[in-house]
Amino acid sequence: MEQSWKQAKAVFAAALGPPLVWLVLFFLAPMAIVWAYSFGHNAGLTEIEITGTFHNYARAIEPLYLKIFLKSVWVAALTTALCLVAGFPVALAITFASDKTKAWLLLLVMLPFWTNLLIRTYALIAVLRTEGYVNQGLEWLWNGGSGLAALVGLQPLGDFQPLELLHNNFAVILGLVYVHLPFMVLPLYSALDRLDKSLLEASLDLGTGHLRTIFKVVVPLAIPGIASGVLITFIPALGAYLTPDLLGGPDSQMIANIIERQFKRANDWPFGAAMSFLLMYLTFIAIAIQAVLSKKTPEAKG
Amino acid sequence: MTKPIITFENVTKRFGKLAAVDNVSLTVNEGEFFALLGPSGCGKTTLLRMLAGFETPTEGRILIDGQDISNTPPNKRPVNMVFQSYAVFPHMTVADNVAYGLKVDRVPKADRDARVAEALELVQLGGLGERKPDQLSGGQRQRVALARALVKRPRVLLLDEPLSALDAKLREQMRTELCTLQEKVGITFIMVTHDQDEALALATRCAVMSKGVLQQVATPSDLYEFPNSRFVADFIGQVNLFEGVLAVDEPSHAVIKSPDLPVDIFLDHGVTGPRGGTAWAAIRPEKIELHKKEGDEPPNLGDCPKGFNAVAGVIKHEAYLGGSSTYEVEIAGGRRVKVQRSNLTRWDQEDFKLGETVWLCWHACSPAVLLS
């Protein structure tokens with residue numbers, strides 16, 4: 001397999017042809033159409049006239065929508081940060097687990113991928129709603145505590161007030177972190193697993209404790225893994241649709257929800273298209289930042 | 001002068017059922033350059049890692065300066081290690097690497113900078129402090145690892161296969177430098193190596209290990225000249241081993257009869273082994289002399305009665321090594337004997353030809369007698 005494609009053009013063309021045609025027909029062409037729509041306006045119920053106007057883009061950055069854009073970026077950033085904080089110890093634990101345990105832990109991380117997102121989200125609703133498992137559990141503890149207080153002669157605690165855990169920003173963030181955690185853990189794990197373990201031993205040997213070793217040696221050397229983890233968590237979180245739709249309240253709308261509304265209820269495809277492409281440009285910017293950063297950090301060598 | 005600094009007391013380390021280190025008791029003295037030598041998987045690295053604190057003994061105790069450190073974590077031990085892969089932190093400059101261990105100890109900055117500069121000077125890396133490790137050669141990276149460990153002024157410096165990753169020329173040079181370095185800093189060095197040449201050249205004392213068990217602890221010359229077992233004799237250098245029976249064992253001399261040799265082996269000293277029991281005579285190739293076969297009278301080196309320690313054979317293989325040549329000589333019965341001969345003049349290599357019949361003979365003091 002040492003040949004380059006230059007030596008076997010026919011074979012290369014035959015291998016590349018079908019997927020290329022597929023991509024052009026079903027990915028690039030529709031994208032181009034939507035992109036063209038973003039420069040047009042509704043000229044009837046189903047007619048769209050492409051006039052080259054920037055009106056849709058101008059509308060998309062009006063304060064009303066800009067606020068939702070910024071909020072989406074904020075929610076995605078917070079989700080990413082929480083995923084990083086929660087995922088780093090998990091990835092670290094998997095890295096240092098025995099080979100047998102490692103396989104099981106990785107399976108546990110990937111298991112949610114094999115379950116439909118809708119089902120997982122409804123399961124979360126069952127956990128969080130007013131009569132959900134969390135509130136049931138809390139109520140049981142509350143009543144138990146209340147009974148105990150009465151037993152030792154104190155005032156009972158009064159009635160249990162269930163926590164409002166659903167249909168608010170908290171639920172959206174929780175759901176997004178839950179859904180995106182594997183996206184963070186897996187790249188982190190692959191970066192940490194490649195780390196030369198004798199570097200950690202050297203750090204301990206030189207008198208450094210475990211925690212300091214993590215911050216002085218492990219984290220700096222895992223920067224490329226952290227960067228890719230952050231990126232592939234942030235991008236899907238930014239475009240999240242189902243989670244804010246099902247778990248969020250009236251003020252938890254994210255860009256994807258607004259875009260969906262333009263294409264469906266508002267029947268304003270040009271505006272929806274413009275916002276879709278703005279979202280995509282945001283994604284490109286995130287990728288570009290990551291590419292620049294990863295060039296600056298030296299790759300960990302053994 | 002010989003003050004013990006490290007003591008292993010009946011140390012055993014088991015991984016599952018396998019004993020990587022099996023009941024090892026060993027003392028290393030202050031100021032020694034001590035080598036742990038053995039084939040891969042013999043437990044030498046495990047022993048070193050227990051000393052560094054990366055493994056804990058399953059049984060037994062390890063003492064440093066009389067203090068039990070068996071369960072002390074690595075960051076609380078007065079030892080530092082130079083790793084086989086060097087483990088130089090790739091994201092820090094050379095100076096930051098060396099300063100790393102001092103920062104943890106909260107050494108004041110001025111003092112720290114002075115010590116870092118001094119350590120870099122010591123390993124001849126003065127002026128390279130601002131370089132990143134990927135701008136250094138393998139040999140330079142090793143010096144960084146050395147400086148980083150030495151700057152902590154450890155009681156003992158541990159070296160894990162320090163020269164294995166260097167090319168031959170550099171290895172030679174680093175050997176000398178390690179020796180000089182140790183004399184200069186006066187710290188006890190403990191080195192793990194599978195390379196017997198390295199151990200003989202560097203160490204003041206060596207421990208030979210096999211399958212987790214300590215075989216012999218001795219100076220390099222004692223290991224080579226007075227091995228205590230076939231394993232040690234065979235592992236250190238080249239050897240011709242003749243299995244036989246201890247036929248005569250007097251205070252002044254002994255005789256070993258070997259079925260592999262047409263003559264008996266005469267020794268100029270007593271063995272104090274079981275008379276009639278199995279014994280092995282180990283003769284190093286350079287201790288066997290080659291003589292031209294002129295007539296049927298075997299040569300006699302004058303230290304044994306006639307009829308001993310000389311045998312005729314045919315040269316079946318020769319290898320010219322520059323400073324010396326090695327020959328394989330087939331004797332009656334088909335056994336091949338390895339002989340090494342120094343090329344004292346530029347023409348010596350031409351003295352003996354392939355297929356030539358020669359006499360082999362050796363001094364009565366040359367064979368080492370092994371009872372196990």
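Notes on the overall build of chain B
Then, number 1: The number of helices and strands found in chain B is eight helices and 20 strands.
Then, number 2: Of all 372 residues assigned to chain B, the portion counted as buried reaches 40%.
Then, number 3: Excluding contacts between residues fewer than 6 apart, the proportion of contacts in chain B whose partners are at least 24 apart in sequence is 62%.

Some thoughts on the overall build of chain A
Then, number 1: The secondary structure content of chain A amounts to 13 helices and two strands.
Then, number 2: Over its C-alpha atoms chain A spans a radius of gyration of 25 Å, topping by over 25% the 19 Å that the globule rule assigns to 302 residues.
Then, number 3: A buried classification covers 29% of the 302 residues belonging to chain A.
Then, number 4: At a minimum sequence separation of 6, the contacts of chain A that also span at least 24 residues come to 70%.

What to know about the interface of chain A and chain B
Then, number 1: Counting from both sides, the interface comprises 18 residues of chain A and, opposite them, 19 residues of chain B.
Then, number 2: Counting only elements with at least two residues in the side of chain A that touches chain B, the list comes to helix H8 (197-205) and helix H9 (210-221) of chain A.
Then, number 3: For the side of chain A that touches chain B, the leading source of residues is H8(A), giving six residues.
Then, number 4: A per-class count over the side of chain A that touches chain B returns nine nonpolar, five polar and four charged.

Comments concerning the pairing of strand E10 (residues 213-218) of chain B
Residue and element names in this part refer to chain B.
Then, number 1: Taken together, the five bridges between strand E9 (residues 205-210) and E10 define a ladder with antiparallel strand orientation. Opposite Ala-207, over in E10, you have Val-217 as the bridge partner.
Then, number 2: Counted between consecutive antiparallel strands, the loop separating E9 from E10 contains two residues, among which Lys-211 sits at a positive phi close to 50 degrees.

Thoughts on the nonpolar core
Then, number 1: The biggest cluster of nonpolar side chains holds 160 residues, and the ones touching the most others in it are A:Leu188, B:Leu51, B:Val98, B:Ala147, B:Leu158, B:Ile190 and B:Leu360.
Then, number 2: Sort the elements by how many residues they give to this core and helix H7 (residues 169-194) of chain A lands first, with 16 residues.

Regarding the pairing of strand E2 (residues 18-29) of chain B
Then, number 1: Bridging between strand E1 (residues 4-15) of chain B and E2(B) involves eight bridges; their strand directions are antiparallel. When the sheet's bridge partners are listed, B:Pro4 is paired in E2(B) with B:Asn29.

As for the sheet that holds strand E4 (residues 59-64) of chain B
Then, number 1: Strands sit in the order E2-E1-E4-E5 (chain B) across an open sheet of four strands; the sheet is antiparallel. On the outer flanks of this sheet lie E2 and strand E5 (67-68) of chain B, each paired with one strand and no other.

Some points on the confidence of the model for chain B
Then, number 1: In the predicted model, chain B carries a mean pLDDT of 90, and the fraction of residues at 70 or more is 100%.
Then, number 2: Here the predicted complex carries an ipTM of 0.83, next to a pTM of 0.81.

Some words on H8(A)
Then, number 1: Within H8(A) the residues assigned to the buried category are A:Leu199, A:Ala202, A:Ser203, A:Leu204 and A:Asp205.
Then, number 2: Following H8(A) by one or two positions, A:Gly207 adopts a phi angle in the positive range, close to 105 degrees.

A look at the packing of helix H3 (residues 63-95) of chain A against H7(A)
Residues and elements named next belong to chain A.
Then, number 1: Where H3 contacts H7, the axes come no closer than 6 Å and their chain directions differ by 45 degrees. Overall, the two elements H3 and H7 adopt an arrangement that is oblique. Of the two elements, H3 crosses H7, and the hand of that crossing is right-handed.
Then, number 2: A per-class count over the contact of H3 with H7 returns 21 nonpolar, four polar and one charged.

A closer look at the sheet that holds strand E13 (residues 265-267) of chain B
Strand pairing in a sheet is mediated by backbone hydrogen bonds. Such pairs are either parallel or antiparallel.
Residue and element names in this part refer to chain B.
Then, number 1: Across the sheet, five strands lie side by side as E13-E12-E11-E14-E20; this open sheet has antiparallel pairing. Each of the sheet's edge strands pairs with one partner strand only, and the pair in question is E13 and strand E20 (368-370). Averaged over all adjacent pairs, the angle separating strand axes in this sheet is 40 degrees, with direction ignored.
Then, number 2: Both strand E11 (residues 240-249) and strand E12 (residues 254-257) contribute to a ladder of four bridges, which runs antiparallel. Bridge pairing links Asp-249 to Ala-254 in E12.

A look at the environment of B:Leu102
Residue and element names in this part refer to chain B.
Then, number 1: Position of Leu-102 among the secondary structure elements: in helix H2 (residues 94-104).
Then, number 2: A count of 23 C-beta atoms within 10 Å places Leu-102 in the buried class.
Then, number 3: In sequence terms Leu-102 and Val-151 are 49 residues apart; their C-alpha atoms lie 7.8 Å from each other.
Then, number 4: Once you skip the residues sitting within four places of it in the chain, Leu-102 turns out to touch Val-107, Arg-112, Arg-115 and Val-151.

Remarks on unusual backbone geometry
Residue and element names in this part refer to chain B.
Then, number 1: The phi angle at Gln-124 is positive, at roughly 60 degrees, despite the residue not being glycine.
Then, number 2: With respect to the helices and strands, Gln-124 occurs in the loop between helix H3 (109-122) and helix H4 (138-150).
Then, number 3: For Gln-124, a count of 13 C-beta atoms within 10 Å corresponds to the partly exposed category.
Then, number 4: Even without being glycine, Asn-309 reaches a positive phi, approximately 55 degrees.

A short note on the packing of H7(A) against helix H10 (residues 223-238) of chain A
Residue and element names in this part refer to chain A.
Then, number 1: Interaxial distance between H7 and H10 falls to 8 Å at its minimum, and their mutual angle equals 160 degrees. By the angle between their axes, H7 is roughly antiparallel relative to H10. Crossing geometry of H7 relative to H10 is assigned as right-handed. The segment H7 lies against H10, with Leu-176, His-180, Phe-183, Met-184, Pro-187, Leu-188, Ser-190, Ala-191 and Leu-192 engaging Pro-224, Gly-225, Ile-226, Ser-228, Gly-229, Ile-232, Thr-233, Pro-236 and Ala-237.
Then, number 2: In terms of residue class, the contact of H7 with H10 is made up of twelve nonpolar, six polar and no charged.

A look at the environment of A:Ala191
All names here are of chain A.
Then, number 1: Looking at the secondary structure, you find Ala-191 in helix H7.
Then, number 2: Once the C-alpha coordinates of Ala-191 and Leu-174 are considered, the two residues, 17 residues apart in sequence, prove to be 26 Å apart.
Then, number 3: Dropping the residues within four chain positions of it, Ala-191 is found in contact with Ala-222, Pro-224 and Gly-225.

As for the environment of A:Pro244
Residues and elements named next belong to chain A.
Then, number 1: In this structure, Pro-244 sits in helix H11 (residues 242-247).
Then, number 2: With 21 residues separating them along the chain, Pro-244 and Arg-265 place their C-alpha atoms 18 Å apart.
Then, number 3: Not counting residues within four places of it along the chain, the set of residues in contact with Pro-244 comprises Val-172, Ser-252, Gln-253, Met-254 and Asn-257.

Cut-off values and rules
Residues numbered from 1 in each chain as written. Chains lettered and ligands numbered in written order. Predicted model: local features only at pLDDT ≥ 70, side-chain atom pairs only at ≥ 80, totals over all residues. Helix = DSSP H or I, 4+ residues; strand = E, 2+ residues; numbered from the N terminus. Buried ≥ 20, exposed ≤ 12 C-beta atoms within 10 Å, placed from the backbone. Contact = placed C-beta atoms within 7 Å. Rg over C-alpha atoms; globule rule 2.2 N^0.38 Å. Nonpolar A, V, L, I, M, F, W, Y, C, P; charged D, E, K, R; others polar. Pairing = 2+ DSSP bridges. Core = buried A, V, L, I, M, F, W, Y, C linked by C-beta atoms within 7 Å. pLDDT = per-residue confidence, 0-100. Axes fitted to C-alpha atoms, helices over the stretch in contact; angles between N-to-C directions. Parallel < 35°, antiparallel > 145°, perpendicular 65-115°, else oblique. Left-handed = near helix turned anticlockwise from the far one by under 90°.

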